[in-house]
Amino acid sequence: MSDASSAPPWRVGLLYSATGVTAAIEISQQRGALLAIDEINQAGGVLGRPVEAVVYDPASDPKAYRRYAETLLTQDEVRIIFGCYMSSTRKAVLPVVEALRGLLFYPTLYEGFEYSRHCVYTGAAPNQNAIQLAKYLLATHGNRFFMIGSNYVFPYESNRIMSDFVTQSSGKVLDEVYVPVDPTPQDFERVMAKIRKTGPDVIFSTVVGRGTAMLYEAYRAAGFDPATMPIASLTTSEAEVAEMGPEAARGHITAAPFFETLGTSAARRFVAAFKARHGADAPVTACAESAYFQVHLALRALARAGTDAPEPLLAHLADAEMDAPQGRVRIDASNNHTYLWPRVARLDAQGRFQIVWNPGIRVKPDPYCVVQRLDDWSADGLNAASPSSPEG
């Protein structure tokens, strides 16, 4: 092992909220990033130099994200930033990163339809989670959907995409409602009245942050049955489940590339290391897994480039691969997005995700939904699959 302690550090920025409406999920992301940095430093750092994280808490406020991004790039001698959860925060940071020639690594599922030369996207694009969730729900629960989301860009765009999939199956969107990003329980009481009136087969939720627990608790209080009318979501993870408890979570459905219960040896090692560092009760989310492997990918590229300047880094990231906890991932040089492994899981009585559908293929990112038919979603993924698919 090289002695990296005496060399000047490589400084990287972490922009994850420890407070605010999305703190629970973003804390898991920051923990994933810090675990990766720990592992890299324990192995001797990068080119004999340690990695130092410069950490700020933007408190779920897009303006604070922008301000701290400027501080990182102009005052803290940082060129690489890992962070952002809500799309509104990513969109606040990207102009700063582009203008100041930095590089943002974004570890969160999002609505797609974006490309920046100065951003690497390691969360799921819609063709890597939404289309698989739609296919599963339409096959198992029905085609009458009620949509509820938080009032910002990701829910609007995700609902538009999901609506396309529903109408392809001759289904119907019965209603589409939005609540504030920082809602009250009363907001969801009104939503439950609309759900009772419309009687959908599925409630598709793009509610984020602490409103998620309010939604599921309101659903339970209304006496609805997840066996016949589940909440299905792309944004409900182990972190949100920890805030609501297993009784409210039981029976509901999520699509993501990673779950804490994933049975691969790589996933088990990652979960064990995460909990050893952060505590046995620390939720391990898909966003945390993405935040973890993107740090490893970025700093492997830095080791090859010999610099943290964005252009050389991007050249070495082009088509870079690694064995992530979810399976072998790869950056697509054509769009800076990542090949990922879609899965669908249902929450059991203990509030743990149990995988109910694992297509077993790695899916090429299609952020612009060029292929947007339910029957065609896996065409690129089949060509990109590793010889042996991850367990499930």
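Residues numbered from 1 in each chain as written. Predicted model: local features only at pLDDT ≥ 70, side-chain atom pairs only at ≥ 80, totals over all residues. Heavy atoms only, no water.

A. Representation of helix H2 (residues 62-74) within the structure. Compared with the 18 Å implied by 1.5 Å per residue over 13 residues, the 18 Å span of H2 between its first and last C-alpha is a close match. Three or more residues of H2 are buried, namely Ala64, Tyr65, Ala69, Thr71, Leu72 and Leu73. Taken together, the buried residues of H2 touch strand S1 (10-15), helix H1 (23-42), strand S2 (51-56), strand S3 (80-83) and helix H3 (87-99). Capping of H2 at its N-terminal end is provided by aspartate 61; its side-chain oxygen lies 3.1 Å from the backbone amide nitrogen of lysine 63. (Helix = DSSP H or I, 4+ residues; strand = E, 2+ residues; numbered from the N terminus. Expected span 1.5 Å × (residues − 1). Buried < 20%, exposed > 50% of the residue type's maximum accessible area, 1.4 Å probe, protein only. Contact = heavy atoms within 4.5 Å. Polar contact = N/O pair within 3.5 Å; in protein donor to acceptor, adjacent residues only side chain to side chain.)

B. Molecular detail of the sheet that holds S2. As summarised here, the arrangement of the 5 strands in space is S2-S1-S3-S4-S5, forming an open sheet in which the pairing is parallel. The sheet is open, and its two edges are formed by S2 and strand S5 (119-121), each paired on a single side. Between one strand axis and the next, the sheet turns by 25 degrees as a mean value, whatever way the strands run. As paired elements, S1 and S2 share 6 bridges and run parallel to each other. In the strand pairing of S2, valine 12 is matched with alanine 53. Where H3 meets the sheet, its contacts fall on S1, S3, strand S4 (103-106) and S5, and the angle it forms with S4 comes to roughly 165 degrees. (Pairing = 2+ DSSP bridges. Axes fitted to C-alpha atoms, helices over the stretch in contact; angles between N-to-C directions.)

C. Just the packing of aromatic side chains, in detail. The full count for this structure, using the stated rule, is 12 aromatic pairs. Centroid distance tyrosine 110 to tyrosine 121: 5.3 Å. Interplanar angle 20 degrees. Geometry classified as stacked. Residue tyrosine 110 is found in the loop between S4 and S5, and its partner tyrosine 121 is found in strand S5; the two are separated by 11 residues along the sequence. Neither tyrosine 110 nor tyrosine 121 differs from the other in exposure class; each is buried. Considering the side-chain rings of phenylalanine 270 and phenylalanine 274, the 5.9 Å spacing of their centres and the 70 degrees angle between planes classify their relative orientation as edge-to-face. (Phe/Tyr/Trp six-rings, centres within 6.5 Å; stacked < 30°, edge-to-face > 60°.)

D. Focus on the sheet that holds strand S10 (residues 253-256). Sheet architecture is open: 7 strands sit in the order S7-S6-S8-S9-S10-S14-S15, paired in mixed fashion. A single partner strand is all that each edge strand has here, and the edge strands are strand S7 (172-179) and strand S15 (353-357). Across this sheet, the average inter-strand angle for adjacent strands is 25 degrees, counted without regard to direction. In this structure, strand S14 (residues 343-347) lies alongside S15, joined through 4 bridges in antiparallel fashion.

E. Representation of the pattern of salt bridges. This structure, assessed with the given rule, holds 18 salt bridges. Residues glutamate 260 and lysine 275 are paired through a salt bridge, measuring 3.3 Å at the closest nitrogen-oxygen approach. Here glutamate 260, found in the loop between S10 and helix H10 (265-278), pairs with lysine 275, found in helix H10; they are 15 residues apart in sequence, far enough to count as distant. The same class applies to glutamate 260 as to lysine 275, namely buried. In this structure, a network of salt bridges that share partners links the residues Asp319, Glu321, Asp323, Arg328, Arg330 and Arg362. (Salt bridge = Lys/Arg side-chain N within 4 Å of Asp/Glu carboxyl O.)

F. Broad picture of the environment of valine 153. Here valine 153 lies in helix H5 (residues 153-168). Valine 153 sits in the partly exposed class, given a relative accessible area of 28%. Through-space distance from the C-alpha of valine 153 to that of tyrosine 110 is 9.5 Å; in sequence the pair is 43 residues apart. Among all residues touching valine 153, those that are not within four sequence positions of it are Ser87, Ser88, Lys91 and Glu111.

G. Region of interest: the packing of H2 against H3. Relative to each other, H2 and H3 sit at 30 degrees, their axes nearing to 8 Å. By the angle between their directions, the pair H2 and H3 is classed as roughly parallel. Every pair of crossing elements has a handedness; the one defined by H2 and H3 is right-handed. Residues Pro62, Tyr65, Arg66, Ala69, Glu70 and Leu73 of H2 lie in contact with H3, whose contacting residues are Ser88, Thr89, Ala92, Val93, Pro95, Val96 and Val97. Residue composition of the contact of H2 with H3, grouped by class: 9 nonpolar, 2 polar and 2 charged. (Parallel < 35°, antiparallel > 145°, perpendicular 65-115°, else oblique. Left-handed = near helix turned anticlockwise from the far one by under 90°. Nonpolar A, V, L, I, M, F, W, Y, C, P; charged D, E, K, R; others polar.)

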